[in-house]
Amino acid sequence: MSIATLTRPTASSNASSAPLLQVNHVGIDYATREGTLTAVDDVSFALHAGERLVLIGPSGSGKSTLLRAIGGFVAPTHGKILIDGAPIARPAPDRMTVFQEFDQLLPWRSALGNVRYALERGRKLSRRQAEREARDWLTRVGLGRFLDAYPHTLSGGMKQRVAIARAFALQPRLLLMDEPFAALDALTRRQMQDELLALCEETGSTALFVTHGIDEAIVVGTRILALTAHPGRLAASFTVSADDRTRGSAGFGVLERSIQQSVFDGSAAHA
Ligand SMILES: Nc1ncnc2c1ncn2[C@@H]1O[C@H](COP(=O)(O)OP(=O)(O)O)[C@@H](O)[C@H]1O
Ligand SMILES: [Mg+2]
């Protein structure tokens, strides 16, 4: 299949259209032995189709907790999370998550088997069609020669590529990514950030990406929301233009410093 046939039309990020995702005054508490721990405190934002929103914050700022709630894996203690205006009840293939951990693949299935199985289950494709699309997506992420490889024989970066291929193949309304490159070496991480950006742009995907890396946020995002350290609250918002995204450009440097201040120095005003 050619890239053209895999490409979905780019949805407009017209702010006047109804948001795809609404996070309204969401608070998430955990019950711990020491009492109630507030991981996320009164966070609100909206995400429109075609946007790539990055949540950035230091470790413990509730990024994973918030993403898990949007994925439907945990229920918010306060507030509401809506997709197309309807509350999220449980995980569903309209929201595919790529996690940081390398163990998100089924170890008893090959790379091809992992993606094919997800397509059979999630999109109810026939085995033949699922296999064809799985093969195309794995080839697209550079794993055309590793279709029959089992996860334990793949490097961390290759496993993340399989997980990314699987997520894109399911054509979710919303791609959720929780620091998928955090455990990779710096060179691989940079290469995968660029590849992910290209895939998102080609497919017009809508994504919510979590990271603690400022450069990663600028490269992959169209908009960045900064969360304060524990408990996570929204501190600032930044819009990223196509020019800012180029590493080493003046815009990249300006954004990098503003985000650094608001996230890690805690001194910037609300943008
Ligand atoms: N299952 C859990 N039970 C209790 N506390 C948790 C649980 N998961 C996360 N936390 C706590 O919630 C806070 C936010 O965690 P997390 O969402 O993982 O932050 P981040 O992804 O930004 O590092 C942290 O203080 C963490 O220890
Ligand atoms: Mg996390």
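From a predicted model like this one, the values you see are computed outputs, not experimental measurements.

About the thresholds
Residues numbered from 1 in each chain as written. Chains lettered and ligands numbered in written order. Predicted model: local features only at pLDDT ≥ 70, side-chain atom pairs only at ≥ 80, totals over all residues. Heavy atoms only, no water. Pairing = 2+ DSSP bridges. Helix = DSSP H or I, 4+ residues; strand = E, 2+ residues; numbered from the N terminus. Contact = heavy atoms within 4.5 Å. Axes fitted to C-alpha atoms, helices over the stretch in contact; angles between N-to-C directions. Phe/Tyr/Trp six-rings, centres within 6.5 Å; stacked < 30°, edge-to-face > 60°. Buried < 20%, exposed > 50% of the residue type's maximum accessible area, 1.4 Å probe, protein only. Lys NZ or Arg CZ within 6 Å of the ring centre and 35° of its normal. Expected span 1.5 Å × (residues − 1). Domains from an automatic or database assignment. Buried area = accessible area lost by both parts, 1.4 Å probe.

K.L.:
I would appreciate a short explanation of the sheet that holds strand S1 (residues 21-32) in the present structure.
P.N.:
Neighbouring strands of a sheet are bound in pairs by backbone hydrogen bonds; such pairs are parallel or else antiparallel. If you trace the four strands from one edge of the open sheet to the other, you get S2-S1-S4-S5, paired in antiparallel fashion. The sheet terminates laterally at strand S2 (35-47) and strand S5 (86-87), the two strands that pair on one side only. Strand contacts of helix H2 (residues 63-71): S1, S2 and strand S4 (78-83), with the helix running at about 115° to S1, the strand carrying the most contacts.

K.L.:
Would you explain the packing of aromatic side chains in this entry?
P.N.:
Any aromatic ring pair is given by two values, namely how distant the centres are and how the planes are angled relative to each other. Evaluation of the coordinates by the stated rule reveals three aromatic pairs. Centre to centre, the rings of phenylalanine 181 and phenylalanine 209 are 6.2 Å apart; their planes meet at 50°, and the pair counts as tilted. Separated by 28 residues along the polypeptide, phenylalanine 181 in the loop between strand S7 (174-178) and helix H6 (186-203) and phenylalanine 209 in strand S8 (residues 207-211) bring together distant segments of the chain. Of the two residues examined, phenylalanine 181 and phenylalanine 209, each falls in the buried class. Over the ring of tryptophan 137 we find arginine 140; its NZ or CZ atom is 4.5 Å from the centre of that ring.

K.L.:
Explain helix H5 (residues 156-169) to me, please; I cannot follow it from the model alone.
P.N.:
What sets the pattern is the α-helix's 3.6 residues per turn: residues three or four places apart point alike. If you check H5, its first and last C-alpha atoms are 20 Å apart, about what 14 residues at 1.5 Å a residue would give, namely 20 Å. With 14 of 14 residues buried, H5 lies mostly within the body of the structure.

K.L.:
Sorry, what's going on with unusual backbone geometry here?
P.N.:
The phi torsion of most residues other than glycine is negative, and most of the peptide bonds are trans. The residue aspartate 84 is not glycine, and still its phi comes out positive at about 50°. Looking at where aspartate 84 falls in the secondary structure, it is placed in the loop between S4 and S5. The phi dihedral of glutamine 171 falls on the positive side, at around 50°, and the residue is not glycine. Along the polypeptide, glutamine 171 turns up in the loop between H5 and S7.

K.L.:
When you look at the domain arrangement of the protein chain in this model, what are you seeing that I'm missing?
P.N.:
In many reports, interface size means the accessible area that the parts give up when they come together. We note that the domain assignment places domain 1 (19-94 + 175-271) and domain 2 (106-171) within the protein chain. The interface of domain 1 with domain 2 comprises 16 residues on the first partner and eleven residues on the second. In total, domain 1 and domain 2 occlude about 1,100 Å² of area from one another, counting both sides; carbon and sulfur atoms represent 71% of this. Area buried by domain 1 at its contact with domain 2 is led by Pro93, Met192 and Leu199, which between them contribute 42% of it.

K.L.:
Sorry, what's going on with helix H8 (residues 250-265) here?
P.N.:
Under the 1.5 Å per step criterion, the end-to-end length of H8 is 21 Å for 16 residues, consistent within 8% with the ideal 22 Å. The set of residues buried in H8 consists of Phe252, Gly253, Leu255, Ile259, Ser262 and Val263. Packing partners of the buried residues in H8 comprise strand S3 (52-56), helix H7 (214-220), strand S9 (223-227) and strand S10 (234-239).

K.L.:
Got a minute to help me understand the sheet that holds strand S6 (residues 95-98) in this structure?
P.N.:
With mixed pairing, six strands are arranged side by side in an open sheet as S6-S7-S8-S3-S9-S10. The strands lining the two open edges of the sheet, one partner per strand, are S6 and S10. Ignoring which end each strand starts from, the neighbouring axes of this sheet average 15° apart. Strand contacts of H2: S3, S6, S7, S8 and S9, with the helix running at about 150° to S7, the strand carrying the most contacts.

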